[in-house]
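Descriptive structure summary
The primary structure of each chain is shown beneath.
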Amino acid sequence: MRRRAMTVVLAVALAVSTGVVAAPGGAGAVLLESGSVDVLRSLDATITLGSSDPTGTVVLLVDGAVRYSAPATPGAIFALEDVPLPKGSHTMRAAVRSSAGMVYSDAVQVVVWHPPVPPAVISPAGGYAAAKANLVLKARADTTQLVVRLNGAEIGRRAVLPEQVVNFGTLNFSRSSNTLEVIASNPVASTSANFNIRRLDYPWPTGVVIDKSDFRLYWIKNGRLVKAYPIAHGKASTPTPVRIWRIDAKYHTDPSSVYGPRKMRLFKKAGSSYAYTAYAIHGTNQPWVIGTRASAGCIRMYNSDVLELFPQVPLGTMVQTRE
């Protein structure tokens, strides 16, 4: 719903005893009765003439251009509604043109706003988080303040500039689904946007979780989701087993091979120890298969992704594959 524009009252009078500046010709004076204003898209303005003012023409000037004019008679009141203005700062004056010359009011700066554009969520990315995550937002156009609520509770507010990136610090997410509400505002309007953040379930504070259903590998470190990577997994005839694994070997491989440039061997739990298997997390020389069931059971990643993940994951890192 559109908010009403604020009203600027412009009074034009001949009484030089009011202390205002006299007209260039010495015959009259113009008095501006209001200060700077912030408005939404348009403004209302009232120009009031004094009873001893001369007959002539009254005008409303915005950035030097005439936006309204009418015959002026003593004591006349001109109520202007919804005068549209472009977004940004504008200089407004009232003036009376008579035989004595042109008399201007003092200048008023009017700032015209539009409703704020909802912010962008930089982190947590993709609508996923672990138990903890830094909340990083990017303010958008017409925004001077961001207020954040997580599951109904306010967790912070910041004064911002458009396009500013703001870190709200670490948030603790509840299990399952979380609602992040962000209210972007400026002096005259506000916009509320809701973002759904799904907390991942995972068995260890640090480890790799592979969800076959959404073709994603999640790298979690110290209770924080570092990154989610797209993957390919086993074909229907050679499915990737659902189980707990441990990375107990890492290899540099031929970048042009089926394994791409890196491979991390998955060992399966066997009693109190872990046993070698033919399964691994590795790159691929067929990047077009990512996001599909394409392998003999291994987890395939884009080569650039496996090169990024490989040095972060130490030997002994636990891995869970699940449907």
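Here, the structure is the one placed above.
Before going into details, it helps to say that this report is about the structure given with it. Predicted model only: the values in this text are computed from it and were never measured. (Residues numbered from 1 in each chain as written. Predicted model: local features only at pLDDT ≥ 70, side-chain atom pairs only at ≥ 80, totals over all residues. Heavy atoms only, no water.)

When you go through the protein chain residue by residue, the secondary structure sums to one helix and 28 strands. Buried residues in the protein chain amount to 45% of all 323 residues. For the protein chain, contacts bridging at least 24 residues in sequence account for 57% of all contacts bridging at least 6. With an accessible surface of roughly 15200 Å², the protein chain has 54% of that area assigned to carbon and sulfur atoms. (Helix = DSSP H or I, 4+ residues; strand = E, 2+ residues; numbered from the N terminus. Buried < 20%, exposed > 50% of the residue type's maximum accessible area, 1.4 Å probe, protein only. Contact = heavy atoms within 4.5 Å. Areas by Shrake-Rupley, 256 points an atom, 1.4 Å probe, with all protein chains shown as cover.)

What follows deals with the pattern of salt bridges. Under the counting rule described, the total for this entry stands at 11 salt bridges. Of the charged contacts, one joins Glu154 and Arg157 as a salt bridge, the two residues approaching to 3.0 Å between their closest N and O atoms. Residue Arg157 is classed as partly exposed on the basis of its relative accessible area, which comes to 44%. Put simply, Asp201 and Arg175 hold a salt bridge, and the shortest N to O gap is 3.4 Å. (Salt bridge = Lys/Arg side-chain N within 4 Å of Asp/Glu carboxyl O.)

Right, let's get into the side chain of Ser98. The topology assignment puts Ser98 in strand S8 (residues 88-98). Not counting the four nearest positions on each side in its chain, Ser98 is found in contact with Pro54 and Thr55.

Further remarks concern the layout of surface pockets. Within this model, the largest pocket holds a volume of roughly 220 Å³. The wall of the largest pocket is formed by 15 residues, among which Pro124, Ala125, Tyr128, Leu225 and Val226 lie closest to the centre. (1 Å grid on protein atoms, 1.4 Å probe; cavity = no way out; pocket = protein on both sides within 12 Å on 5 of 7 lines; lining within 4 Å. Points joined across faces, edges and corners; volume = space filled by probe spheres on them.)

Overall, the coordinates contain four aromatic pairs when judged by the stated rule. On the numbers, 5.6 Å between centres and 50 degrees between planes, the contact of Tyr128 with Tyr218 is tilted. One end of the pair, Tyr128, is in strand S12 (residues 128-129); the other, Tyr218, is in strand S20 (residues 216-221), and 90 residues separate them in sequence. Judged by relative accessible area, which is 22%, Tyr128 ranks as partly exposed. A ring pair is formed by Trp245 and Tyr279, whose centres lie 5.5 Å apart and whose planes are at 65 degrees; its orientation type is edge-to-face. With a gap of 34 residues between them, Trp245 in strand S22 (residues 244-252) and Tyr279 in the loop between strand S24 (273-275) and strand S25 (280-282) connect regions that are remote in the sequence. Positioned above the aromatic ring of Trp245, the side-chain terminus of Arg243 is 4.9 Å from the ring centre. The ring centre of Phe310 lies 4.3 Å from the NZ or CZ of Lys250, which sits over that ring. (Phe/Tyr/Trp six-rings, centres within 6.5 Å; stacked < 30°, edge-to-face > 60°. Lys NZ or Arg CZ within 6 Å of the ring centre and 35° of its normal.)

Spatially, five strands are ordered S12-S18-S17-S14-S15 in an open sheet, and the strand pairing comes out mixed. Taken across any chain shown, the strands that pair with only one partner, and hence form the sheet edges, are S12 and strand S15 (153-159). (Pairing = 2+ DSSP bridges.)

Residues Leu43, Ile47, Leu49, Val58, Phe78 and Val110 are the most contacted members of the largest nonpolar core, which totals 22 residues. Counting residues per element, this core draws most heavily on strand S4 (residues 42-49), which supplies four residues. By size, the runner-up hydrophobic cluster in this structure holds 19 residues, among which are Ile231, Leu266, Met301 and Val306. (Core = buried A, V, L, I, M, F, W, Y, C linked by side-chain atoms within 4.5 Å.)

Quick look at the pairing of strand S19 (residues 207-211) now. Burial runs high along S19: five of the five residues are buried. Side chains of S19 alternate between two faces, with Gly207, Val209 and Asp211 and Val208 and Ile210 buried alike. When S19 meets S20, the two strands line up antiparallel, connected through five bridges. Bridging from a neighbouring strand, Val208 pairs with Trp219 of S20. Adjacent in sequence and paired antiparallel, S19 and S20 are bridged by four residues, among which Phe215 carries a positive phi angle near 55 degrees.

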